[in-house]
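An overview of the molecular structure
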Amino acid sequence: MVLLDENDRGYKTEYLVGSHTLSSGWKSFSIAHKLREGDVLVFQLIEPCKFKIYIAKATTTLPNQDHFHREPVEAVKPEPEEENTDNTGTRRDKYLEYRSKKKEKIIPISKPNGIRSSECSLVSFKDIKGFKDFSIYVDARILDSEIPTHCKAKYYELCKSQNMFLHENIVQGLNGKLAVEMISELIKIADSIRAADSKTGTDRMEGWDKTLKAFEDLGMVVGFLRVRIRKLIRVFREYGADIELMRIERDEAEEERIALNVKLWRVENRIGQIDDEIDALRSVKNEGVGPVFKKIACAPW
């Protein structure tokens, strides 16, 4: 299988089915991207045996991290916290400036400790008055320009239905492209749910639920969509059970019809045999009775 990183560089690896692990080529990939324990990797299947890999770096150092990497302390020394705060503050100021140019109301929220993207949010959804005020803001980055307007409008309606940003709890540090892909796929699934009918099938709906479960693990608020899918699956299975019982009854009736046809064929065959026997007896009797008939008919008066 092939792994593509965010720069579309390919790495050939082997997947071991028995142990469910990646073998040849994985070490090169992990070294090239400086993977560490706690990093989150999202595998997006784009072609058979080809995955796009998105990496979200861990924001905290685990207690046993040095045990796995055995690197000198100075090599993994984190940057001073003041610099991180300043960088976030700079990005926040830029966003405030952007929003102020649009003359929109901004409610800044200080960033506490943690790893959720909502901690960088600058406005509550309750303060959004309409679609014009709506911006998709993930990890101090505005994604509006990367999402088509009609998709953004649909996403706004979904957020509005729950009175919250569906991405407000998304893990911090998640790749922007992946966030856009998640939002786009979420919109597609929501549209598919609306368009679902009795012909959709449970396999497809279960596929939607698995995708949403993965989004939920990354912090997206999709529980209301998953609940709707489970309701549809339950209704489909309830009606499907009745249909299945009728199909079983029909199959039994069909078997009975076939058995009756076989029996009818045997009866008709026996009737034909009897008719043949009757014709044979008539032929024999006619041959024996003919001379007697003739003698009697021609006897003198």
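The following refers to the structure shown. Quick caveat, the model's predicted, so the values are computed rather than measured.

Helix and strand counts for the protein come out as seven helices and eight strands. Looking at the protein as a whole, 28% of its 301 residues are labelled buried. If you take every contact in the protein between residues at least 6 apart in sequence, the share linking residues at least 24 apart comes to 55%. Of the roughly 20,800 Å² that the protein leaves accessible, carbon and sulfur atoms contribute 55%.

This part takes up the side chain of Asp5. Mapped onto the elements of the fold, Asp5 is located in the loop between β1 (2–4) and β2 (10–12). Among all residues touching Asp5, those that are not within four sequence positions of it are Tyr11, Phe29, His33, Lys52 and Ile53.

This next bit is on the pairing of strand β6 (residues 50–56). Most of β6 sits out of view: five of its seven residues are buried. Sheet topology note: the β1/β6 ladder contains three bridges and is parallel. Note that in β6 the partner of Leu4 across the bridge is Lys52. With seven bridges connecting them, strand β5 (residues 40–47) and β6 associate as antiparallel partners. Following the sheet pairing, Phe43 is matched in β6 by Ile53. Linking β5 to β6, which pair antiparallel, is a turn of two residues; within it Cys49 sits at a positive phi near 65 degrees.

The next subject is a negative patch on the surface. Taken together, Glu249, Asp251, Glu252 and Glu255 make up a surface patch of like negative charges. Topologically, Glu252 is positioned in helix α7 (residues 223–297).

Moving on, we get to the packing of aromatic side chains. Applying the stated rule across the entire model yields 10 aromatic pairs. Ring geometry for Phe125 against Phe134: centres 6.3 Å apart, planes inclined by 80 degrees, an arrangement best described as edge-to-face. Comparing Phe125 with Phe134, the two get one shared label, buried. Ring pairing ties together the aromatic residues Phe125, Phe131, Phe134, Tyr155, Tyr156 and Phe165, which thus form one cluster.

Before going further, it helps to examine unusual backbone geometry. Positive phi outside glycine occurs at Lys34, with the angle close to 50 degrees. Mapping Lys34 onto the fold places it in the loop between α1 (26–32) and β5.

Looking now at the sheet that holds β1. What holds strands together in a sheet is hydrogen bonding between their backbones, with the strands either parallel or antiparallel. Strand order across the open sheet formed by four strands is β2-β1-β6-β5, with mixed pairing between neighbours. Where the open sheet ends on each side, the last strands, each with one partner, are β2 and β5. Each strand of the sheet is rotated relative to its neighbour by a mean of 30 degrees, with strand direction disregarded. Relative to β2, β1 runs antiparallel, the two sharing three bridges. Bridged to Leu4 within β2 is Gly10.

This paragraph deals with helix α5 (residues 176–195). Since the α-helix advances by 3.6 residues per turn, residues separated by three or four positions end up pointing in the same direction. Between its first and last C-alpha atoms α5 spans 29 Å; for 20 residues at 1.5 Å apiece the expected length is 28 Å, and the two agree. Along α5, the positions that sit buried rather than exposed are Gly176, Leu178, Ala179, Val180, Met182, Ile183, Leu186, Ile187, Ile189, Ala190 and Ile193. At the N-terminal end of α5, a side-chain oxygen is found 2.7 Å from the backbone nitrogen of Lys177, two or three residues along, and the residue is Asn175.

Once that is clear, we can look at the side chain of Arg226. Position of Arg226 among the secondary structure elements: in helix α7. For Arg226, a relative accessible area of 12% gives the class buried.

What counts and how
Residues numbered from 1 in each chain as written. Predicted model: local features only at pLDDT ≥ 70, side-chain atom pairs only at ≥ 80, totals over all residues. Heavy atoms only, no water. Helix = DSSP H or I, 4+ residues; strand = E, 2+ residues; numbered from the N terminus. Buried < 20%, exposed > 50% of the residue type's maximum accessible area, 1.4 Å probe, protein only. Contact = heavy atoms within 4.5 Å. Areas by Shrake-Rupley, 256 points an atom, 1.4 Å probe, with all protein chains shown as cover. Pairing = 2+ DSSP bridges. Patch = residues over 30% accessible without salt bridge, like charges linked within 9 Å, V, L, I, M, F, W, Y side chains within 5 Å. Salt bridge = Lys/Arg side-chain N within 4 Å of Asp/Glu carboxyl O. Lys, Arg positive; Asp, Glu negative; His and termini not counted. Charge placed at Lys NZ, Arg CZ, Asp CG, Glu CD. Phe/Tyr/Trp six-rings, centres within 6.5 Å; stacked < 30°, edge-to-face > 60°. Axes fitted to C-alpha atoms, helices over the stretch in contact; angles between N-to-C directions. Expected span 1.5 Å × (residues − 1). Polar contact = N/O pair within 3.5 Å; in protein donor to acceptor, adjacent residues only side chain to side chain.

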